[in-house]
Structure formats: structure tokens, C-alpha cells
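Observations on the three-dimensional arrangement
Next come the chains, spelled out residue by residue.
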Amino acid sequence: MRTWLSILLLTVSCYPVWPRTANEWKSRIIYQLLTDRFASSQSSGCSDLHSYCGGTFKAIISRLDYIQGLGVNAIWISPIPVNTPNGYHGYWAKDITAVNPQFGTEDELKSLVSECHKRDIWVMLDVVANHMGNQRHGDWNNFTFFTPFDQQAHYHAFCEIKDFSNQNQVEVCRLADLPDLDQSNSFVDSTLRSWVSSTVQKYQLDGLRVDTVPEVPKEFWSQYSQSANVFTIGEVFNGDFDYVAGYQGPMDALLNYPLYYKLLSAYQKQQSMRSIHDGVTTERSVFKDVSILGNFIDNHDNPRFLHGNSQYTVLYNALVYIIFAEGIPIIYYGTEQGFTGGGDPDNRAPLWPHYNSNHVIYQFISKCVHFRQRLGSSLYGSSQVERYVDDQFFSFSRGQGWLMHWTPLTQWWSLIVG
């Protein structure tokens with residue numbers, strides 16, 4: 001009896017607590033990577049950034065030491081369905097029932113998740129429920145090559161989003177000519193929700209980043225999130241605090257675009273530090289929970305921070321803010337190697353062969369992130385309290401005596417242990 005009890009306890013202890021809750025995600029620092037651009041079995045660069053460069057699930061596994069050395073404990077990977085031509089980023093689905101062979105196989109994706117979990121690295125999958133991939137220009141009513149949404153009834157009638165202040169137009173018209181799924185269609189609704197539920201379970205995913213959130217009615221997202229049954233963080237590509245905050249509820253959290261623009265103003269453009277005060281004050285009044293918003297200064301949809309300001313010290317200041325401020329920090333691949341790409345696709349260059357763990361920015365991020373990890377829940381479980389602000393100075397505390405100061409105009413920052 002004692003032997004069987006010991007075996008049972010050992011078996012139970014081998015399985016992670018799953019699914020992960022929004023509260024548990026507060027302990028994570030996310031490393032966003034593009035599956036096609038992070039790691040490849042080839043050593044050469046990429047001749048065409050508008051198409052596939054060769055990144056794979058298997059190659060990501062081979063670089064987990066690099067990721068872990070940075071101190072991050074979650075990765076965000078690209079959408080996995082088969083895409084229409086040149087859909088290296090994953091956002092142009094052709095067949096949602098199959099894994100993109102350019103990235104690898106189902107088993108290789110399962111291995112990636114498993115290897116990450118062995119290192120306490122959680123996996124967040126990017127998902128798309130708003131649209132499918134590219135069609136032949138002008139042949140807007142031909143959907144026969146999509147799976148499973150191959151009928152005209154599965155889509156809204158053709159129109160283009162021309163006025164983003166018109167919410168109905170945003171929800172029923174096409175973004176960048178991509179065929180817009182009609183979630184009010186019962187087959188579309190049930191299929192999307194069934195797909196996300198089965199995908200999360202099949203691969204034991206820990207969270208989802210949800211693309212193009214405002215392009216779909218909130219009522220659908222509430223049901224979709226329930227079907228997913230994991231932490232969801234949505235993309236509302238908008239700087240309006242009230243507008244973005246309206247999607248927290250249907251989503252657990254949002255990428256913090258409104259604060260992103262305030263951080264660029266203060267750090268990259270070296271304008272008044274009061275913009276951070278204004279942003280934090282406003283978001284506290286409109287969001288349900290700011291502690292799970294995703295804070296970032298770089299991503300795949302915007303020019304890199306160093307493209308707008310090449311000073312490393314200024315970048316350090318911005319990084320320190322997102323790592324220690326209230327919210328979930330997100331580090332975009334390549335930031336740690338000083339990438340300076342402008343708009344798409346230059347901000348999506350392959351990381352290989354730049355895996356220099358001695359790069360000064362890699363080392364800086366690693367030290368900050370490991371320090372944050374050591375603080376644990378005394379930091380991420382505490383609210384942010386502003387201590388002082390003027391045009392050239394901003395400080396706040398979190399937890400018991402952790403005080404942060406930023407003065408990017410004089411290129412100085414510090415962490416003070418009280």
C-alpha cells in the first residue's frame with residue numbers, strides 16, 4: 001500500500017498545474033519570437049524577408065539555453081496553421097486543421113512545448129480568428145482553397161476598412177484585403193471555438209496571444225476565451241486607453257499599446273517624463289486589472305526602439321521600466337542583440353547567427369530579469385506607487401522598498417533597495 005501511494009504521489013507531481021491562470025502569468029517574463037525568424041538549422045541569412053527564412057520548432061529547442069540565459073520564463077510563438085504563400089508570420093491561414101510544415105510537425109511542436117515545460121518556460125501561442133489568408137486579387141468570392149471555411153456564407157460580404165472610427169466597419173470589413181470571417185455564422189463560431197479548445201489541450205499550451213481583437217465582436221471573444229480555458233492576451237492596436245480597456249473582460253488582458261506610446265514619448269523621443277505619469281494614471285481608471293497587461297517597447301508590427309533612437313542607455317531605461325513596472329514584461333527577439341530594423345519586414349530579421357550571450361544588451365536584460373525573478377511575488381504581487389515625477393525624472397516603488405528612478409534626458413537610472 002505504501003509503495004502504491006508513493007508511486008501515485010510521484011505520478012501526480014510529474015504533471016504541471018494546468019491550465020495557467022491570469023494571476024499566475026504575473027510571474028512570467030515573455031520572450032516574443034517569430035517561429036520563422038528565431039532559429040534555423042541553416043547558418044546563412046535570409047535573402048527575402050517577405051517570405052520564409054527557415055525557422056522551425058526543432059531549431060527553437062536547440063536554442064532554449066539562449067532563451068533561458070536571458071532569464072525569461074515564457075515564449076510567444078507564431079500562429080501554427082498552414083498559410084497561403086509567403087505567410088511566414090502565420091497570420092494568413094489557409095488550413096487551420098493542419099500545422100504549417102515550414103515550421104515542423106505536430107510532434108515537433110509537442111516536443112517544443114514539452115522541452116520548454118521541463119525548464120519552467122511557458123508557451124503562449126499566437127492565434128487568429130478574424131480572417132483567413134490571401135486570395136487572388138479581385139477574386140474575392142472564391143473561398144474554395146480554404147479549410148474548413150470554404151463557402152461564401154462563412155465570410156462577411158466584401159468591403160474594406162476605411163474608417164477605423166466606425167466600429168461596425170471595423171468588425172465586418174476586410175483588414176488589408178484579408179477575407180473576413182463571419183463569427184455570427186454558427187459553423188464559423190463553433191469551429192473556431194472547437195479549434196482553440198482542442199489546440200490548447202493537444203499541445204498543453206499555457207496561454208494565447210489573440211490577433212486583431214477589435215475586428216471581431218466582443219460577444220464572440222467572451223465565448224472564445226471560455227473555450228480556450230487558458231490565459232488570453234489580446235492585440236488592440238490602438239493608443240486610446242478607453243477603447244483598448246473595453247476589451248478586458250472578453251480577454252483576460254491586452255497588449256498595453258496605450259502605455260507603449262507614452263513610453264516611446266518619454267524614452268525614445270526624450271520628451272517629458274510626465275507622459276508616463278499620465279499614462280499610468282489613465283490606465284488605472286479604465287482597465288479592470290493593469291497588473292496583467294502586456295508591457296513592451298518592441299514588437300513585430302512597429303519599427304524597433306533602436307531604429308528611432310540608437311542610444312543604448314535610453315533603451316536600458318525603457319527596458320528597466322517594462323521589466324519592473326506593474327504588468328507582464330514582453331521582450332521581442334533581437335532587442336537583446338541591438339537590432340535596429342525599421343518597419344515590416346525589417347523589424348523581423350532572422351536572429352541567426354546573432355546568439356551572442358555576451359552582448360551588452362543581452363547581459364543587461366539578463367541581469368534585470370534575474371533580479372526581478374529573485375524578488376518574486378514581493379514585486380509582481382505588489383502595486384506600483386508613484387513617488388515623484390517632473391519633466392526629467394520619474395520614480396515609483398513596488399513591494400517593500402524597491403524604488404526605481406529614470407532620468408533619460410541625463411542618461412541615468414538606478415534601482416535602490418530600501
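Quick caveat: nothing in here was measured; it's all calculated off a predicted structure. (Residues numbered from 1 in each chain as written. Predicted model: local features only at pLDDT ≥ 70, side-chain atom pairs only at ≥ 80, totals over all residues. Heavy atoms only, no water.)

1. Things to note about the overall build of the protein chain
A count of helices and strands for the protein chain gives 16 helices and 14 strands. In summary, the protein chain has a C-alpha radius of gyration of 21 Å against a globular reference of 22 Å for 418 residues, a match within 12%. Residues classed as buried in the protein chain amount to 56% of the 418 residues present. Across the protein chain, contacts joining residues at least 24 apart in sequence account for 67% of those joining residues at least 6 apart. Accessible surface, the protein chain: about 17000 Å² in total, of which carbon and sulfur atoms supply 50%. If you average the places of the 30 positive and of the 40 negative side-chain charges in the protein chain, the two averages end up 8 Å apart. (Helix = DSSP H or I, 4+ residues; strand = E, 2+ residues; numbered from the N terminus. Rg over C-alpha atoms; globule rule 2.2 N^0.38 Å. Buried < 20%, exposed > 50% of the residue type's maximum accessible area, 1.4 Å probe, protein only. Contact = heavy atoms within 4.5 Å. Areas by Shrake-Rupley, 256 points an atom, 1.4 Å probe, with all protein chains shown as cover. Lys, Arg positive; Asp, Glu negative; His and termini not counted. Charge placed at Lys NZ, Arg CZ, Asp CG, Glu CD.)

2. Side note on the sheet that holds strand β1 (residues 30–32)
Pairing within the open sheet is parallel, and its eight strands lie in the order β8-β7-β6-β5-β2-β1-β10-β9. Sheet topology places β8 (253–254) and β9 (294–295) at the edges, where each strand pairs with a single neighbour. Inspection of the sheet shows strand β5 (residues 122–127) paired to strand β6 (residues 207–210) by four bridges, in the parallel sense. Each bridged residue has a counterpart across the sheet, and for aspartate 126 the counterpart in β6 is arginine 209. The sheet contacts of helix α14 (residues 312–324) involve β9 and β10 (328–332), and relative to β10 the element is tilted by about 140 degrees. (Pairing = 2+ DSSP bridges. Axes fitted to C-alpha atoms, helices over the stretch in contact; angles between N-to-C directions.)

3. A closer look at the packing of α14 against helix α15 (residues 360–375)
Axes are the key here: two packed helices are described by the angle between their axes and the distance separating the axes. Between α14 and α15, the shortest axis-to-axis distance is 11 Å and the interhelical angle comes to 20 degrees. With respect to α15, the element α14 is oriented roughly parallel. The element α14 and its partner α15 pack so that their crossing is right-handed. Contact with α14, carried on its side by Tyr312, Leu315, Tyr316, Leu319, Val320, Ile323 and Phe324, involves Val360, Ile361, Phe364, Ile365, Cys368, Val369, Phe371, Arg372 and Leu375 of α15 and no other residues of that element. When grouped by side-chain class, the residues that make up the contact of α14 with α15 number 15 nonpolar, no polar and one charged. (Parallel < 35°, antiparallel > 145°, perpendicular 65-115°, else oblique. Left-handed = near helix turned anticlockwise from the far one by under 90°. Nonpolar A, V, L, I, M, F, W, Y, C, P; charged D, E, K, R; others polar.)

4. Considering helix α11 (residues 257–268)
Residues spaced three or four apart along an α-helix face the same direction, because each turn holds 3.6 residues. Burial within α11 is extensive, with ten of its twelve residues counted as buried. Every buried residue of α11 is listed here: Tyr257, Pro258, Leu259, Tyr260, Leu263, Leu264, Ser265, Ala266, Tyr267 and Gln268. Where α11 starts, the residue carrying a side-chain oxygen 3.3 Å from the main-chain nitrogen of leucine 259 turns out to be asparagine 256. Once α11 finishes, glutamine 270 follows within two positions and takes phi at roughly 55 degrees, a positive value. (Polar contact = N/O pair within 3.5 Å; in protein donor to acceptor, adjacent residues only side chain to side chain.)

5. Thoughts on the nonpolar core
Judged by nonpolar contacts, the single largest core of 121 residues is most densely connected at Tyr31, Phe38, Ile67, Leu208 and Tyr321. Considering each element in turn, this core owes the most residues, ten residues, to α14. (Core = buried A, V, L, I, M, F, W, Y, C linked by side-chain atoms within 4.5 Å.)

6. What about the pattern of salt bridges?
Pairs can form between side chains of opposite charge whenever their charged atoms are close. Scanning all chains against the criterion turns up 16 salt bridges. Salt bridges sharing partners connect three or more residues here, namely Asp126, Arg209, Asp211 and Glu235. (Salt bridge = Lys/Arg side-chain N within 4 Å of Asp/Glu carboxyl O.)

7. Regarding the packing of aromatic side chains
Inspection of every chain in the model, using the stated rule, returns 32 aromatic pairs. Geometrically, the ring pair formed by tyrosine 66 and tyrosine 355 is edge-to-face, given 5.4 Å between the ring centres and 85 degrees between the ring planes. On the criterion of sequence distance, the pair formed by tyrosine 66 in helix α5 (residues 64–70) and tyrosine 355 in the loop between β10 and α15 is long-range, its members being 289 residues apart. Like tyrosine 355, tyrosine 66 is buried. With a centroid separation of 6.0 Å and an interplanar angle of 35 degrees, the aromatic rings of tyrosine 257 and tyrosine 261 are classed as tilted. (Phe/Tyr/Trp six-rings, centres within 6.5 Å; stacked < 30°, edge-to-face > 60°.)

8. Concerning the state of the cysteines
This model, assessed by the stated rule, comprises two disulfides. Sulfur-sulfur distance for the disulfide between cysteine 46 and cysteine 53 comes to 2.0 Å. Judged by the torsion about the S-S bond (-75 degrees), the cysteine 46/cysteine 53 disulfide is left-handed. In this model, cysteine 159 is linked to cysteine 173 through a disulfide, with the two sulfur atoms separated by 2.0 Å. (Disulfide = S-S within 2.5 Å.)

9. Some details on the environment of threonine 21
If you trace the backbone, threonine 21 turns up in the loop between α1 (2–13) and α2 (22–25). Taking relative accessible area as the criterion, threonine 21 reaches 38% and is therefore assigned partly exposed. When the C-alpha positions of threonine 21 and histidine 89 are compared, they lie 27 Å apart, and in sequence the two are 68 residues distant.

10. Focus on the confidence of the model for the protein chain
Per-chain confidence: the protein chain averages 92 in pLDDT, with 91% of residues scoring 70 or above. Contacts from residues 1–15, a stretch scored under 50 in pLDDT, to residues over four places away or in other chains number zero contacts. (pLDDT = per-residue confidence, 0-100.)

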